[in-house]
Amino acid sequence: MADTQGNGFPMNRTMLRAAYVSNSVDTMSPARMIVAIYERLVVDLERAEQAIVATDPATAHECLLHAQAIVSELHDSLDSGPWPAARALKDIYVFLLFELVGANVDKDAARVAACRLLVVPLRDAWRDASGIVPTAASGLA
């Protein structure tokens, strides 16, 4: 069975994967989307920390910029009107942004690790609240 695009040309593996990822994102619940965003943030922080330790400033910079973009989006998309505790979460996001910028400027792995230690419980709380169960193989169900 040949998979094809709308234009009749066969899809290669890269195109199939991109289509799968796009469809997966499009069908995610809002809660699952937030967990996925936090998962990616944790990955960025782990990679940045490893890159700093390995003296790879370009990779560390790229990962930390992406982490900053994620935190900025989390901050900006949080509606603090209906949920009084949202103000405190926004403050955490501001703190994380400050720390990530500083860690990037100084290439400070300890600062990145401290941010990760703050983000992981937030990710786990969103995971628990959404009912997503981690699995040993993938980290998520």
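Residues numbered from 1 in each chain as written. Predicted model: local features only at pLDDT ≥ 70, side-chain atom pairs only at ≥ 80, totals over all residues. Heavy atoms only, no water.

### What about the pattern of salt bridges?
Basically, it comes down to this: Salt bridges are identified by distance alone: a Lys or Arg side-chain nitrogen within 4 Å of an Asp or Glu carboxyl oxygen. Helix numbering and strand numbering both begin at the N terminus, where a helix is a DSSP run of H or I of at least 4 residues and a strand a DSSP run of E of at least 2. Each residue is assigned to one of three classes by its accessible area relative to the maximum for its type, calculated with a 1.4 Å probe on protein chains only: buried under 20%, partly exposed between the two thresholds, exposed over 50%.
Tallying each qualifying case throughout the model produces 9 salt bridges. Salt-bridge contacts for arginine 123 lead to glutamate 39; the nearest nitrogen and oxygen are separated by 3.6 Å. With arginine 123 in helix 5 (residues 109-130) and glutamate 39 in helix 2 (residues 30-53), this residue pair connects regions lying 84 residues apart in the sequence. On the basis of relative accessible area, arginine 123 is assigned to the buried category, the value being 11%.

### Quick notes on unusual backbone geometry
In this structure, threonine 55 takes a positive phi of about 55 degrees despite not being glycine. Along the chain, threonine 55 falls in the loop between helix 2 and helix 3 (57-77). We note that lysine 107 has phi near 50 degrees; this positive angle belongs to a residue other than glycine. Under the relative-accessibility criterion, lysine 107 is labelled partly exposed at 30%.

### As for the packing of helix 4 (residues 86-106) against helix 5
This is how it is decided: To get an axis, a line is fitted to the C-alpha atoms, and for a helix only the part in contact is used. The angle between two axes follows their N-to-C directions and goes from 0 to 180 degrees. Roughly parallel means an angle under 35 degrees; roughly antiparallel, over 145; roughly perpendicular, 65 to 115; everything else is oblique. Crossing handedness follows the turn of the near helix against the far one: under a right angle anticlockwise gives a left-handed crossing, and clockwise gives a right-handed one. We call two residues in contact whenever any of their non-hydrogen atoms come within 4.5 Å of each other. Each residue is assigned to one of three groups, with Ala, Val, Leu, Ile, Met, Phe, Trp, Tyr, Cys and Pro labelled nonpolar, Asp, Glu, Lys and Arg labelled charged, and all others, Gly among them, labelled polar.
Across the interface, helix 4 lies against helix 5 with an axial gap of 9 Å and an inter-helix angle of 150 degrees. The angle between helix 4 and helix 5 falls in the class roughly antiparallel. Viewed along their axes, helix 4 and helix 5 form a crossing whose handedness is left-handed. In contact with Leu89, Ile92, Phe95, Leu96, Phe98, Glu99, Leu100, Gly102, Ala103 and Asp106 of helix 4, helix 5 contributes Arg111, Val112, Cys115, Leu118, Val119, Leu122 and Trp126. Residue classes in the contact of helix 4 with helix 5 are distributed as 13 nonpolar, 1 polar and 3 charged.

### Details of helix 4
For an α-helix the count is 3.6 residues per turn, leaving residues at separations of three or four pointing the same way. Test applied: By this rule the span expected of a helix is its residue count minus one, scaled by 1.5 Å.
The terminal C-alpha atoms of helix 4 lie 30 Å apart, and with 21 residues this matches the ideal 30 Å at 1.5 Å per residue to within 8%. Within the sequence span of helix 4, burial applies to Ala86, Leu89, Lys90, Tyr93, Leu96, Leu97, Glu99, Leu100, Gly102, Ala103 and Asn104. For helix 4, the secondary structure elements touched by its buried residues are helix 2, helix 3 and helix 5. Directly beyond the C-terminal end of helix 4, a positive phi value near 50 degrees is found at lysine 107.

### A short note on helix 3
Heads up, the rule is: Directions drawn from the helix axis to the C-beta atoms are what define this arc.
With 21 residues, helix 3 extends 30 Å from end C-alpha to end C-alpha; this agrees with the ideal 30 Å at 1.5 Å per step. Taken residue by residue, helix 3 has Ala60, Cys63, Leu64, Ala67, Gln68, Ile70, Val71, Leu74 and His75 as its buried positions. Buried residues of helix 3, viewed axially, fall in a sector of 165 degrees; they line one side. Residues of helix 3 that are exposed and angled more than 90 degrees away from the buried face: Ala58, Glu62, Glu73, Asp76 and Ser77.

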